[in-house]
Amino acid sequence: MAISSSSSSMQDILKQRKYPFIFSFFLLLIFVTFLLISNSQKSPIFVAIDFAQRTSRSKSSIPADNPDLNPNTISNENIPLGNNITINLESNVPLDNNYTINTDSDTLINNELETFSYDWKLCPGPVAVDYIPCLDNWKAIKAIRSRRHMEHRERHCPVPSPRCLIPLPVGYKLPVSWPKSRDMIWYGNVPHPKLVEYKKEQNWVKQSGDYFVFPGGGTQFKDGVNHYIEFIEKTFPTIEWGKNIRVVLDVGCGVASFGGYLLDKNVITMSFAPKDEHEAQIQFALERGIPATLSVIATKKLAFPDNAYDMIHCARCRVHWHADGGKPLMELNRILRPGGYFIWSATPVYKKDEGHKNVWKVMVNLTEAMCWKMVTKTYFKRARVGLVIYQKPDSSSCYENRKENNPPMCNQNHRLNSSWYTPLDSCLLPLATSSYEWPAPWPQRLNNKPLSLSLETDTEEIFNADTKHWALVTDVYLGSLGINWSNVRNVMDMNAGYGGFATALIDRPLWVMNVVPIIGPDTLPIIFDRGLIGTYHDWCESFNTYPRTYDLLHSSSLFGNLSQRCDLVDVAVEMDRMLRPGGYILVQDTLQMIKQLGSILRSLHWSVTLHQEQFLVGKKDFWRPKDAAKI
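Basis of the calculations
- Residues numbered from 1 in each chain as written.
- Predicted model: local features only at pLDDT ≥ 70, side-chain atom pairs only at ≥ 80, totals over all residues.
- Heavy atoms only, no water.
- UniProt positions renumbered as here; feature names shortened; annotations may be inferred.
- Helix = DSSP H or I, 4+ residues; strand = E, 2+ residues; numbered from the N terminus.
- Buried < 20%, exposed > 50% of the residue type's maximum accessible area, 1.4 Å probe, protein only.
- Contact = heavy atoms within 4.5 Å.
- Areas by Shrake-Rupley, 256 points an atom, 1.4 Å probe, with all protein chains shown as cover.
- Disulfide = S-S within 2.5 Å.
- Pairing = 2+ DSSP bridges.
- Axes fitted to C-alpha atoms, helices over the stretch in contact; angles between N-to-C directions.
- Phe/Tyr/Trp six-rings, centres within 6.5 Å; stacked < 30°, edge-to-face > 60°.
- Lys NZ or Arg CZ within 6 Å of the ring centre and 35° of its normal.
- Core = buried A, V, L, I, M, F, W, Y, C linked by side-chain atoms within 4.5 Å.
- Domains from an automatic or database assignment.

An unreviewed UniProt entry annotates the chain as Methyltransferase of Nicotiana sylvestris. Quoted verbatim from the Sequence similarities (unreviewed entry) field of UniProt, the annotation for the chain is "Belongs to the methyltransferase superfamily."

Following this line, the structure appears as structure tokens:
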């Protein structure tokens, strides 16, 4: 009966020629059908909301070689719909259950954001372009009574942190892309020619027109760093670059050519040196796209965990290892993995004058007392360079058999676990009674159960869940956030956890500095066990790097706890200092924290977008304020 009535009604509509109604009815039917099909397939629609109306910029203010920042360049990835709403065409990516997109809640109106207003100023002075707050605190440095142990090269952070912005060098350009950047960089980006003159006979760096070029030489690399690296492996084949030896620390690295060329052998090297009279050596390294950081072995421990590095290397690094009772060498012993190697390439190894012979004698006595085994001592005639390779013990048996307990063993009950602002030890770290288990060969060690996990309870399940979580790098980060990954080389994970973010990016031509905040779980040993590099840091202070040295800063669930201890404005200023123009930040956090951070970045003239109400993507441009601050 109902069917007959419905048929009769339709015939009446046709007889009355209500064609517009019929047409509308069929359109509605098609639309409902489309929605039902879409929901059944769970095809995500990716909505990105631009936090800020992007002010138009004249072509004259955009560098000619910077098309990514040109407002006239239209991206094929996003189609603007007006009202600051953009639909991303590359959103059809599989997401796990934690990242299902709710299209009803992904709309954030621009006027709902807090408006952050600040009168930004440039940092003053002729050296402001390279300003590092915690290393350039001249007031604190001048007040230091002694410089005997390089105290003036350590961190002395100003309080409060300065909120001025770093000016750009005149003629700054987007950096040369990797791998070309390993061998040449723009002169205008690091305009410091002093090192060219200072090391002109050693082939560290040369100036050629608009470029600095790096021939691969060094104080100890007279025939080039490749010959030096091959000589080491030929002398001591057990090393097996990129298999047995994966994580290396290069002390006093110069322009980091040693670490740069080891990358070809699947070795990741943390190159470090102080900010000293060897002008801008670490800045050169990072501009080249080589992992590096500013640090010094002075009175405080290095910001690395115990038993971290497979190998430590020093080529004429000007560190007096025997000084102050051998504390600098005992610091290397602390961070060197049991069974790991120390390569010392220096004049006391092979020169026979009285001064060098005395240094060598002291070094022999100290290493024997520390139970280090000399596995080889050799002289490279072709390059006229000598080196010695020591191995740290892998068990406590040698310590127990020493005639004298000197240096003494560290008392673990009174020893601070943290190495952040902690004085150097004058003792040896105890080892296990049985032989130490070396990590699996690379690349298996990246995904194997880390050795440090065995010291904790119920962490293997957490570790495996964390690894699964970072599938979002492939599912979301690489294809759906509008980041041009081809321009990304230097990456920092500001809250690295187990290193899952870096692990997910391991096959891309980039490297990641894994930062573990000092407030929170100490997961840095696990990161090193996996064959990755990293450091401790407190994000309420400035990081030990030059301005404009990173292409992408990533953080996951960092800012909630951090905002309880320090002002997000200061953290944003530090991110602006570290990031290169054209670089990105990628933040996963609560919507509340994203709103706060987004409004600050907007005031810095960054392009800021929100994805899925939990991923913030910010892109820094070339804008700088016109006026200088008064400090």
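Now that the structure is up, let's keep going.
Chemist: Report on the overall build of the chain, specifying residues and quantitative values.
Modeler: Summing up its helical and strand segments, the chain has 18 helices and 20 strands in all. Within the chain, buried positions represent 53% of all 631 residues. In the chain, the proportion of contacts linking residues at least 24 apart, taken out of those at least 6 apart, comes to 71%. Total accessible area on the chain is roughly 29,800 Å²; 53% of this is exposed by carbon and sulfur atoms.

Chemist: Tell me what's going on with the state of the cysteines, and back it up with residues and numbers.
Modeler: Following the criterion strictly, the structure yields six disulfides and no others. Between the sulfur of Cys123 and that of Cys164 lies a disulfide, 2.1 Å long from S to S. Judged by the torsion about the S-S bond (90 degrees), the Cys123/Cys164 disulfide is right-handed. Within this pair, whereas Cys123 is found in the loop between strand 3 (85-88) and helix 3 (138-142), its partner Cys164 is found in the loop between helix 3 and strand 4 (184-186), the two being separated by 41 residues in sequence. As far as burial versus exposure is concerned, Cys123 and Cys164 are alike and both buried.

Chemist: I'd like a rundown of the sheet that holds strand 6 (residues 211-213), residues and numbers included.
Modeler: Here three strands make up an open sheet; going across it, the order is 4-6-5 and the pairing antiparallel. Whereas interior strands pair on both sides, the edge strands pair on one side only; in this sheet they are strand 4 and strand 5 (206-208). Between one strand axis and the next, the sheet turns by 30 degrees as a mean value, whatever way the strands run. With three bridges joining them, strand 5 and strand 6 adopt antiparallel strand pairing. Residue pairing in the sheet places Lys206 in a bridge with Val213 of strand 6.

Chemist: How would you summarise the packing of aromatic side chains if you had to cite specific residues and measurements?
Modeler: Throughout the structure, instances matching the rule amount to 31 aromatic pairs. With a centroid separation of 6.5 Å and an interplanar angle of 75 degrees, the aromatic rings of Trp241 and Phe258 are classed as edge-to-face. Note that Trp241 is positioned in the loop between helix 5 (225-235) and strand 7 (247-251) and Phe258 in helix 6 (residues 257-262), a separation of 17 residues in sequence. In this pair, the class of Trp241 matches that of Phe258, namely buried. Taken together, a centroid distance of 6.4 Å and an interplanar angle of 15 degrees make the contact between Phe342 and Tyr390 stacked. Placement of the pair is Phe342 in strand 11 (residues 336-345) and Tyr390 in strand 13 (residues 385-391), with a sequence separation of 48 residues. Since its relative accessible area comes to 0%, Phe342 is described here as buried. Connected via pairs of aromatic rings, a cluster forms that spans Tyr187, Phe212, Phe214 and Phe284. Above the face of the Trp442 ring, Arg246 is positioned so that its terminal group lies 3.6 Å from the ring centre.

Chemist: I'd like a rundown of the nonpolar core, residues and numbers included.
Modeler: Nonpolar side chains in soluble globular proteins tend to end up buried together. Counting residues in hydrophobic clusters, the biggest one holds 116 residues, and the most contacted among them are Trp321, Phe342 and Tyr477. With seven residues, helix 17 (residues 568-578) is the largest single contributor of residues to this core. Here this core spans two domains, and each of domain 1 (121-165) and domain 2 (192-205 + 218-438) adds at least three residues to it. When neighbours within four sequence positions are excluded, Phe342 is seen to be in contact with Ile312, Cys314, Trp321, Leu329, Leu332, Leu336, Met363, Trp372, Val388, Ile389 and Tyr390.

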